[in-house]
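Results of the structural survey
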Amino acid sequence: MPKIYDINIKTEAVKRYKNGENIDKIANDLNIKAGSQLIRIWYKSSKSCYSYSIYKDCKEVKLMSQKLKKDFISKELKEKNKENKLLKDRIKKLEKNLKFEIEEKMLAIASKEILEKSIPSCTATILMNLLKMSKKEKIMIMATKAYKYYACSQIYYLVANYGMGTNRLINYFKVHKNTYSKFKMKLKLENPILLYKYKLKIPTINSFENERFENAVDLVKDFKEANNDLQTGSLLIRKWIFVNKNKRVSEKMINLIKREKPEVFKNSFSRDNCKKSSYFNESKKHNSYVRDDLIEMNYNTPNVVGVDGTNLKIELNNSSYKTKLNCMISYDWDLKTIVAYNFDKNENSNSSLKVFKRINEYSVNTNSNKVIQSDRGLAFSCEKIFEYVNKKNNNIVHSMSKRGFKHNASTESLNRWVKEKFFKTYGCKFKNIQNFYDTFRKFVYNFNKLQFLKYNIFDQKNQHL
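Residues numbered from 1 in each chain as written. Predicted model: local features only at pLDDT ≥ 70, side-chain atom pairs only at ≥ 80, totals over all residues. Heavy atoms only, no water.

An unreviewed UniProt entry lists the chain under the name Integrase catalytic domain-containing protein, with Spiroplasma turonicum given as the organism.

Overview of the nonpolar core
Rules: Think of a nonpolar core as a cluster: buried Ala, Val, Leu, Ile, Met, Phe, Trp, Tyr and Cys residues, connected wherever their side-chain atoms sit within 4.5 Å. We call a residue buried when its accessible area falls under 20% of the maximum for its residue type, exposed when it is over 50%, and partly exposed in between, using a 1.4 Å probe and counting protein chains only. Each helix is a run of DSSP H or I of at least 4 residues and each strand a run of E of at least 2, with the numbering of both proceeding from the N terminus. A contact between two residues is defined here by any heavy atoms of the two lying within 4.5 Å.
With 24 residues, the main nonpolar core has Ile-155, Leu-158, Leu-169 and Phe-173 as its most contacted residues. If you list the elements that add at least two residues to this core, you get α4 (75-118), α7 (145-162), α8 (166-173) and α9 (177-187). Here this core takes 11 residues from α7, the largest share from any one element. With near-sequence residues (within four places) excluded, Leu-169 lies in contact with Leu-107, Ile-155, Leu-158, Val-159 and Met-164. Leu-312, Ile-329, Tyr-331 and Val-418 belong to the second-largest nonpolar core, a separate cluster that totals 19 residues.

Quick notes on a nonpolar patch on the surface
For clarity, the threshold we go by: To count toward a patch, a residue needs a relative accessible area above 30% and no salt bridge. Like charges then connect within 9 Å, nonpolar side chains (Val, Leu, Ile, Met, Phe, Trp, Tyr) within 5 Å. Surface exposure here means Shrake-Rupley accessible area, sampled with a 1.4 Å probe, where a residue is shielded only by the protein chains that are shown. Whenever a carboxyl oxygen of Asp or Glu lies within 4 Å of a side-chain nitrogen of Lys or Arg, that contact is scored as a salt bridge.
On the surface, Leu-194, Tyr-198 and Leu-200 cluster together into a nonpolar patch covering about 310 Å² of accessible area. Locating Tyr-198 in the fold gives a position in the loop between α10 (192-197) and α11 (211-226).

A few points about helix α12 (residues 234-245)
Heads up, the condition is: Multiplying one less than the number of residues by 1.5 Å gives the expected span of a helix. Relevant arc is that of directions from the helix axis to the C-beta atoms, nothing else.
With 12 residues, α12 extends 16 Å from end C-alpha to end C-alpha; this agrees with the ideal 16 Å at 1.5 Å per step. Listed in full, the buried residues belonging to α12 are Ser-234, Ile-237, Trp-240 and Ile-241. Along α12, the residues classed as buried sweep out an arc of 120° about the axis, all on the same side.

Thoughts on the pairing of strand β1 (residues 304-316)
Regular strands place their side chains on alternate faces of the sheet. Convention followed: Paired strands, in this sense, are two strands between which DSSP finds at least two bridges.
Of all 13 residues making up β1, 11 are buried, and the element is well covered by its neighbours. Pairing of β1 with strand β4 (residues 370-374), which is carried by 3 bridges, proceeds in the parallel orientation. Note that in β4 the partner of Val-304 across the bridge is Val-371. In this structure, β1 lies alongside strand β2 (residues 323-332), joined through 10 bridges in antiparallel fashion. Counterpart to Ile-314 in the pairing with β2 is Thr-323. From the end of β1 to the start of β2, which pair antiparallel, there are 6 residues, and Asn-317 there has a positive phi angle of about 55°. Summarising the sheet, β1 and strand β6 (residues 429-430) pair through 2 bridges and their orientation is parallel. Bridge pairing in β6 links Leu-316 to Phe-430.

Some thoughts on the side chain of Ser-368
Note the cut-off: For this analysis, a polar contact is any N or O atom pair within 3.5 Å, provided that within protein one partner can donate a hydrogen and the other can accept it, and provided that sequence-adjacent residues contribute only side-chain to side-chain pairs.
In this structure, Ser-368 sits in the loop between α15 (349-366) and β4. Residue Ser-368 is classed as buried on the basis of its relative accessible area, which comes to 16%. At 3.2 Å, the side chain of Ser-368 forms a polar contact with the side chain of Thr-366. If we skip the residues at most four places from it in the chain, Ser-368 touches Asn-303, Ser-363 and Asn-395.

Things to note about α7
Spacing of three or four residues puts side chains on the same side of an α-helix, whose turn is 3.6 residues. In a regular helix each residue adds 1.5 Å, so 18 residues correspond to 26 Å; α7 covers 26 Å between its end C-alpha atoms and thus fits that length. Most of α7 sits out of view: 13 of its 18 residues are buried.

Thoughts on a positive patch on the surface
For clarity, the cut-off: Here Asp and Glu are counted as negative and Lys and Arg as positive; His is not counted, and neither are the chain ends. Think of each charge as sitting on NZ of Lys, CZ of Arg, CG of Asp or CD of Glu.
On the surface, Lys-85, Lys-88, Lys-92 and Lys-96 cluster together into a patch of positive charge. If you trace the backbone, Lys-85 turns up in helix α4.

Below, the structure written as structure tokens:
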């Protein structure tokens, strides 16, 4: 006959087992012959009984509510449930809006990065901003291989990191599905959705390398092997490739390889390396005077005066050689006129300070605070300019374009245009230096007059009205 145990013993054994005591010890203490096996059966039966009783009660309540067609819930509970539902819905909506705002911000930053990497030239950025309404121009810029590569890499990164929808990103960046799938296959990348799901490490995607660039690298390597790692300039390398390989590689491309892949040249260009190190030592000094870029890609920012230095080559006193003069020149972006200029032998801080002072006078006369946009050259990021702009009486704010990408494009394009116009109208030969200064002053006066009539005649009419 099996031994019948008291209910108190059963409950005590189950209680101790639940608390985490050793099952064999419990059996020895309470003198249970079957031991651990019996305690486990008691524990399981106690659990099932409890759950069964709850289930039974729930079932009975449901049957009764169905028969009487009434809910056995108090009014207060009903109201609280309603409030709880409304709050949950509101929280969900807020979370969705927040997520959407964050995603939109991320997409804007990503698109800016793509454009900066795929369109490095100044003229292309101006076209992008001026011709935003024209669909053809947009497609022309976005159809480049570099754009497609960087767009696909950003899509992959956003999906793998934040779990954003692939179709949405493809539509946003205007890239075809096939190009995205080919991009993944070519680089042998894993599925980004799985990387996001299991929080795996995202692989690093290298920067875009054009086929022409890769071919040029191979040709430069051939030159290095043939000439026993000879120290030479890009012009000689270009000529050697054309003579021996019957292929054209520009000096620009060779210089780009020099910057992007210095390992190809190894110990060559040692002098250049020395120059670079001295330049970086100098840059540490002027880094403290570098300003933030306040304008970036927005060329429609009001009250901006762009400053930049340009070289003019002229012939004086009927001489055979040309003298080079540096012209520090500034333009009003709104009126498209020349504000101030100064001539010197080279681009320096004294020349830029004179121009800054004249811009300050110009801002006082026009009763408007001006933002001066310049590059990060030593002529602008120096102690003299920094101290002058920081004075309390000045009506000017200094802004500097970012390194690697020129946000001062409109000033640079105006520089070229003014030079071409000046030399076309007056030529490059002058009696003496004073004659040149007088003719340039005359040119500036006529240029400003013409620009004002061209672009600001409608504003003038509105003022009269």
